[in-house]
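Chain and residue survey
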Amino acid sequence: MNKQPHLCVDETQVTDKVIVCGDPARVNRIAEHLSDVVSLANNREFRLIRGRYNQQDITVCSTGIGAASAIIALEELVMCGAKQVIRVGSAGALQHDIAMGDLIIVEAAVRDEGGSASYISPNYPAYSDIDLVSGLVEFSNKMLQSFHRGVVRSHDSFYIDNELDVCRYWHEKGVLGADMETSALLTVGRLRGVQIASVLNNVVLYEQDVQQGISDYVDEGTLTSQGEQNATLAALYALTR
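These numbers were taken from a predicted model, which means no experiment stands behind them.

Comments concerning the packing of aromatic side chains
One pass over the structure, following the stated rule, counts three aromatic pairs. Ring centres of Tyr169 and Trp170 lie 4.9 Å apart, and the angle between their planes is 90°; on these two criteria the pair is classed as edge-to-face.

Structural notes on the pattern of salt bridges
This structure, assessed with the given rule, holds 13 salt bridges. Linking Arg87 and Glu181 is a salt bridge whose minimum nitrogen-to-oxygen distance equals 2.8 Å. In this pair, Arg87 sits in strand 5 (residues 84–93) while Glu181 sits in the loop between strand 9 (177–179) and helix 5 (182–191), placing the two residues 94 residues apart along the sequence. Under the relative-accessibility criterion, Arg87 is labelled buried at 3%. Notably, a salt bridge pairs Glu138 with Lys142, separated by 3.9 Å at the nearest N-O pair. With Glu138 and Lys142 both in helix 3 (residues 130–142) and four residues apart, this pair spans about one turn of that helix. Beyond isolated ion pairs, a larger network of salt bridges with shared partners links Asp23, Arg26, Arg29 and Glu228.

Observations regarding the pairing of strand 3 (residues 46–53)
The pairing of strand 2 (residues 35–43) with strand 3 spans six bridges and is antiparallel. When the sheet's bridge partners are listed, Asn42 is paired in strand 3 with Arg47. Taking the residues that link successive antiparallel strands as the turn, the strand 2-strand 3 hairpin has two residues, and the phi of Arg44 there is positive, at about 55°. Relative to strand 4 (residues 56–62), strand 3 runs antiparallel, the two being bridged by six bridges.

Considering the packing of helix 3 against helix 7 (residues 223–240)
Across the interface, helix 3 lies against helix 7 with an axial gap of 8 Å and an inter-helix angle of 125°. One element, helix 3, and the other, helix 7, form an angle in the oblique class. In the crossing of helix 3 with helix 7, the sense of the turn from one axis to the other is right-handed. Mapping the contact onto sequence places Leu132, Gly135, Leu136, Glu138, Phe139 and Lys142 in helix 3 and Asn230, Leu233, Ala234, Ala235, Tyr237, Ala238 and Leu239 in helix 7. Class assignment for the residues of the contact of helix 3 with helix 7 results in nine nonpolar, two polar and two charged.

Rules used in this analysis
- Residues numbered from 1 in each chain as written.
- Predicted model: local features only at pLDDT ≥ 70, side-chain atom pairs only at ≥ 80, totals over all residues.
- Heavy atoms only, no water.
- Phe/Tyr/Trp six-rings, centres within 6.5 Å; stacked < 30°, edge-to-face > 60°.
- Salt bridge = Lys/Arg side-chain N within 4 Å of Asp/Glu carboxyl O.
- Helix = DSSP H or I, 4+ residues; strand = E, 2+ residues; numbered from the N terminus.
- Buried < 20%, exposed > 50% of the residue type's maximum accessible area, 1.4 Å probe, protein only.
- Pairing = 2+ DSSP bridges.
- Axes fitted to C-alpha atoms, helices over the stretch in contact; angles between N-to-C directions.
- Parallel < 35°, antiparallel > 145°, perpendicular 65-115°, else oblique.
- Left-handed = near helix turned anticlockwise from the far one by under 90°.
- Contact = heavy atoms within 4.5 Å.
- Nonpolar A, V, L, I, M, F, W, Y, C, P; charged D, E, K, R; others polar.

These figures come from the coordinates and say nothing about function on their own.
Following this line, the structure appears as structure tokens:
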């Protein structure tokens, strides 16, 4: 039982059902929905806890920003026994009808990040597990939560010079939103034989300034704070139904 070098946990600590998120602080907020919470590790961008929901054990792990660190977390979680993984993340909308705090339930993702490309050619699709997606949709319908389902795009930088042109291109193709981790997780998760999905809370309106959108997200009184809770509860439902 050797501890993983980055997550600092071993197979006796990680459950088969896992939620991953980017921000370590989000781990603490997800913990509020769990019982019997135990802190497992806190190293670099990786914070891990274990708790119970619907009488089942759940591990929660932060991954930091971007594909590279998300893949490290996923690989080490799988080595510790993870079998079902859902990302609870945030995204910027690429369509006008996606409001702040709306959920995007990911069916597939455009692989515009470099992490998954180091594993397999871009021809390989990044797509979510149908059973986990079904659970996310079922919960959102039950709760009358506003959600959208379809394709997102994952990328490596907010601040490229032609960002607006890139966003308009994918907007025209019907892509719902953009994040930085989903396509890498879906790709590597498939390669490693685990069930994997992603549900994203919209924190930036389409054509809104990114920095302003992130600033709004920090304000816990906004719709995006409720959206994060809804995404968390949807993921917990899908993993334990």
